[in-house]
Amino acid sequence: MKSFIAISFLALGLISLIGAFAFEKVIAYTSSTEFCISCHEMESTVYQEYQKTTHFKNASGISPSCSDCHVPRGLFPTLTRKIIAAKDVYHWVIGSINTPEKFEAQRLKMAKRVWQQMEDNDSAECRNCHDFKHMNFDKQRKRAAKQHQNAIRDGETCINCHKGIAHKAVHKDLEEESSFDDELELEF
Amino acid sequence: MKTFAKIFYLLVITGISLPAMTSEINWDNIKAESITLFYPGQSSWEWLLTKHSAAKSVRKGAPCLECHEDEEADMGKIIVSGKKLEPSPIKGKPGSVKIKLKTAYDKENAYFQVQWKESQFSSGNTGKYKTKVTLMLGDKSVKEYPVAGCWGVCHDDASNMKSFKKGDKKRQLYTSASRVKIKRTGGGDALVDEDALEEMLEEKRFLEYWQHRIDAKSKSNLSHGYILEKRHKLKQTKFNSTSTVKNGIRTVIFSRKRNKNGPGLIPLEEDHQYTLGIALHEDFVSGRQHYVGFGRSFSLGGNDSVITAIKQ
């Protein structure tokens, strides 16, 4: 009896270990840039745009992968984002965004969702690397230094100002669709 | 005697006063402020409040210089090329021009010296005035002026701006307070009532401008007025200005009596902070095709303004 219990525990442990290993591999694989750009419409649009930005190629050689900017760290936030992202795979499968043209047609809608997620989590993905506390304002351009200090004062988050820095600036389309009449109120 | 009376009369009607003509300022003792004027294209007040990337900061009252100091030449280059905010670029036009500004005052007058290297660029434009240099003065009574300078009265529906429609009547600069409502497309033609405009005029809630214009034959002509619900031109010019050019450097010296206080005139007092705007039209252009400098705080004496006139 004792040996049966021992073998059961051993088997359970082994299965858990294999499960954890497989889980980690799946998470890692689905977080890789290769996975993200395995769809043609991703590779030919957002990835091409990203390669022209300073986030992709820069003096320090630090280049975040897709998931560094689009998947927050931590088990629960990662899993939540994966579940949400599964919707994109679903829409790819049913053909809503399976060509670059269809992808473009839906781009602003998808971008708005990403911006909202980033606003809701205080731009957690950006803050994996960037932190107000470690910014040397003396080494920034005057406008950047001022705006960052204003952002700290006003509790702004990265994405409020930094939309369109890694992909096409579709937030300009967002501005076109609004009349802005509600944004003309002065606060001074 | 009759001849003297005629000369005196001519001087009076042209608004040229003897003390203002005979400026005895020793400009060599006054430090120049270097200012870059740049091509603004169709960047209107409404654009600043909405599409400008730091629109939120503008709505909170952040002045342009807070972020954009020393960026003027880069911005001018982008805009004049037509990459942004300019649907009809003038090929080859420089994006900016550097000027030097010196200011001084005495008991009677305030003095402004503007110097710049005249551009050799010619687009083939023709028009009445080859060059126009304009100074515009106001204070926080026009609340957008200390924030945005000249941009505060440059609206999206002004002539040749983005929201100006074919068939609209000519609109120049105007203050937001002169309109019933400011929309994304500007304030249109719906003015506040006449009593309110009259009150604004009495309370000095307008901007005063002085413009020195030089025609193709190098003859000067002055224009004096104020901006309220439109650009008003005063019947009598109550400032003086002279223009000289030496080795390609143009020098225009403005002077105005400090205690002028009629309709459209802002008294120039010590211990009061104003905002000074500067614009330059070259190559016979008009309207938005000029160079403009960010609004700078200005005072006669004191030490809390970007530009401080030195007492003589």
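See the structure printed just above.
All residue numbers refer to position in the chain's written sequence, counted from 1. Numbering of ligands from 1 and lettering of chains from A proceed in the order in which they are written. Local features in a predicted model are, by the rule used here, given only for residues with pLDDT of at least 70; side-chain atom pairs are given and counted only at 80 or more, and totals for whole chains, interfaces and linings are based on all residues. Side-chain numbers here rest on the full set of heavy atoms in the structure, without hydrogens or water.

Okay, the overall build of chain A next. Working definition: helices are DSSP H or I runs of at least four residues, strands are E runs of at least two. Numbering for both runs from the N terminus. Secondary structure summary: chain A contains eleven helices and zero strands in total. Element order for chain A, N to C, with α for helix and β for strand: α-α-α-α-α-α-α-α-α-α-α. Atoms counted for the radius of gyration: C-alpha only. Globule rule: 2.2 Å times the number of residues to the power 0.38. For 188 residues, the compact-globule formula gives about 16 Å, and the C-alpha radius of gyration of chain A, at 21 Å, lies well above that figure. Three exposure classes are used, based on accessible area relative to the maximum for each residue type with a 1.4 Å probe and protein chains only: buried under 20%, partly exposed in between, and exposed over 50%. Counting all 188 residues of chain A, 26% fall into the buried class. Note on contacts: a residue pair is in contact if any heavy atoms of the two residues lie within 4.5 Å. Within chain A, contacts between residues separated by at least 24 positions form 67% of all contacts whose residues are at least 6 apart in sequence. In the structure as shown, chain A presents an accessible area of about 12,800 Å², 63% of it carried by carbon and sulfur atoms. Taking the average place of the 24 positive charges on the side chains of chain A and the average place of its 26 negative ones, the gap between the two points comes to 7 Å. For the accessible areas, the method is Shrake-Rupley and the probe is 1.4 Å, while residue cover comes only from the protein chains on display. Charged-residue counts in this description rest on Lys and Arg as positive and Asp and Glu as negative, His and the chain ends being excluded. In this description, the location of a charge corresponds to atom NZ of lysine, CZ of arginine, CG of aspartate or CD of glutamate.

Bringing the interface of chain A and chain B into the picture now. Contact residues are listed per partner, giving 21 residues for chain A and 26 residues for chain B. Buried area: the accessible surface (1.4 Å probe) lost by two parts on joining, summed over both. Roughly 2,200 Å² of surface becomes buried between chain A and chain B when both sides are summed, with 50% attributable to carbon and sulfur atoms. Interface area lost by chain A to chain B is led by Arg143(A), Leu184(A) and Phe188(A), which between them contribute 29%. Only one rule defines a salt bridge in this text: a Lys or Arg side-chain nitrogen within 4 Å of an Asp or Glu carboxyl oxygen. Counting across the chain A and chain B interface gives five salt bridges. The partner of Lys56(B) in a salt bridge is Glu156(A), and the shortest N-O contact between them spans 3.4 Å. A 3.5 Å cut-off defines polar contacts: any pair of N or O atoms within that distance qualifies, except that in protein one atom must be a possible hydrogen donor and the other a possible acceptor, and neighbouring residues in sequence count only when both atoms are side-chain atoms. Our enumeration of links across chain A and chain B arrives at seven residue pairs in polar contact (both at pLDDT 80 or more).

What follows concerns a nonpolar patch on the surface. Side chains of Val89(A), Tyr90(A), Trp92(A), Val93(A) and Ile94(A) sit close together on the surface and give an oily, nonpolar patch of about 500 Å² of accessible area. In this fold, Trp92(A) is placed in helix α6 (residues 75-94). Nonpolar side chains (Val, Leu, Ile, Met, Phe, Trp, Tyr) within 5 Å and like charges within 9 Å form the patches, drawn only from residues with over 30% relative accessible area and no salt bridge.

Residues and elements named next belong to chain B. Most of strand β10 (residues 274-281) is tucked away, with eight of its eight residues classed as buried. Two elements, strand β4 (residues 129-138) and β10, share seven bridges in a ladder whose sense is antiparallel. Among the inter-strand pairings, Gly-138 is bridged to a residue of β10, identified as Thr-275. Bridge analysis of β10 against strand β12 (residues 296-300) gives three bridges, and the strand direction is antiparallel. Within β12, the position partnered with Tyr-274 by the bridge is Phe-298. The criterion for strand pairing is that DSSP finds at least two bridges linking the strands in question.

With that settled, consider the nonpolar core. In terms of nonpolar packing, the biggest core is built from 66 residues, with Phe254(B) and Phe298(B) touching the most fellow members. Not counting residues within four places of it along the chain, the set of residues in contact with Phe298(B) comprises Thr103(B), Phe112(B), Leu137(B), His272(B), Gln273(B), Tyr274(B), Leu276(B), Ser305(B), Ile307(B) and Ala309(B). Working definition of a nonpolar core: buried Ala, Val, Leu, Ile, Met, Phe, Trp, Tyr and Cys residues. They are joined through side-chain atoms within 4.5 Å.

Glancing now at the packing of aromatic side chains. Aromatic pairs are defined between Phe, Tyr and Trp rings, using the six-membered ring for Trp, whenever the two ring centres lie within 6.5 Å; interplanar angles under 30 degrees are classed as stacked, those over 60 as edge-to-face, and all others as tilted. Evaluation of the coordinates by the stated rule reveals twelve aromatic pairs over all chains. Between the aromatic rings of Phe38(B) and Trp151(B), the centroid separation amounts to 5.5 Å while the plane-to-plane angle is 25°, which identifies the pairing as stacked. Here Trp151(B) lies in the loop between α7 (145-148) and α8 (194-202) and Phe38(B) lies in strand β1 (residues 33-38), a separation of 113 residues in the sequence. For the residue pair Phe38(B) and Trp151(B), the accessibility class agrees, reading buried in each case. Among the aromatic residues, ring-to-ring pairing joins Phe112(B), Trp210(B), Phe239(B), Phe254(B), Tyr274(B) and Phe298(B) into one connected group. In our convention, an over-ring charge means Lys NZ or Arg CZ found within 6 Å of a ring centre and within 35 degrees of that ring's normal. Note that Lys163(A) overlies the ring of Trp115(A), its terminal NZ or CZ placed 5.6 Å from the centroid.

Moving on to the side chain of Asp157(B). Residues and elements named next belong to chain B. Structurally, Asp-157 can be placed in the loop between α7 and α8. On the accessibility criterion, Asp-157 (3% relative accessible area) is buried. Side-chain polar atoms of Asp-157 contact the side chain of Tyr-174, separated by 2.6 Å. Contact partners of Asp-157, with chain neighbours within four places excluded, come to Ser-163, Phe-164, Arg-171, Tyr-174, Thr-185, Gly-186, Gly-187 and Gly-188.

All names here are of chain B. Judged by side-chain charge, Asp-193, Glu-194, Asp-195, Glu-198, Glu-199 and Glu-202 come together as a negatively charged surface patch. The residue Glu-202 is located in helix α8 in this model. Under the relative-accessibility criterion, Glu-202 is labelled exposed at 59%.

Further remarks concern the pattern of salt bridges. Enumeration according to the criterion identifies 23 salt bridges over all chains in this entry. For Arg143(A), the salt bridge is made with Glu71(B), and the minimal N-O distance between the two is 2.8 Å. Highlighted residues: Arg143(A) in helix α9 (residues 142-154) and Glu71(B) in the loop between α5 (65-68) and α6 (72-80), drawn from two different chains. On the basis of relative accessibility, which here comes to 31%, the residue Arg143(A) falls in the partly exposed class. A salt bridge links Glu118(B) to Arg250(B); the shortest N-O distance between them is 2.9 Å. Residue Glu118(B) is found in the loop between β3 (109-117) and β4, and its partner Arg250(B) is found in strand β9 (residues 249-257); the two are separated by 132 residues along the sequence. In this structure, Glu118(B) and Arg250(B) share a single accessibility class: buried. In the salt-bridge network here, residues are joined through shared partners; they are Glu49(A), Glu104(A), Arg107(A) and Lys168(A).

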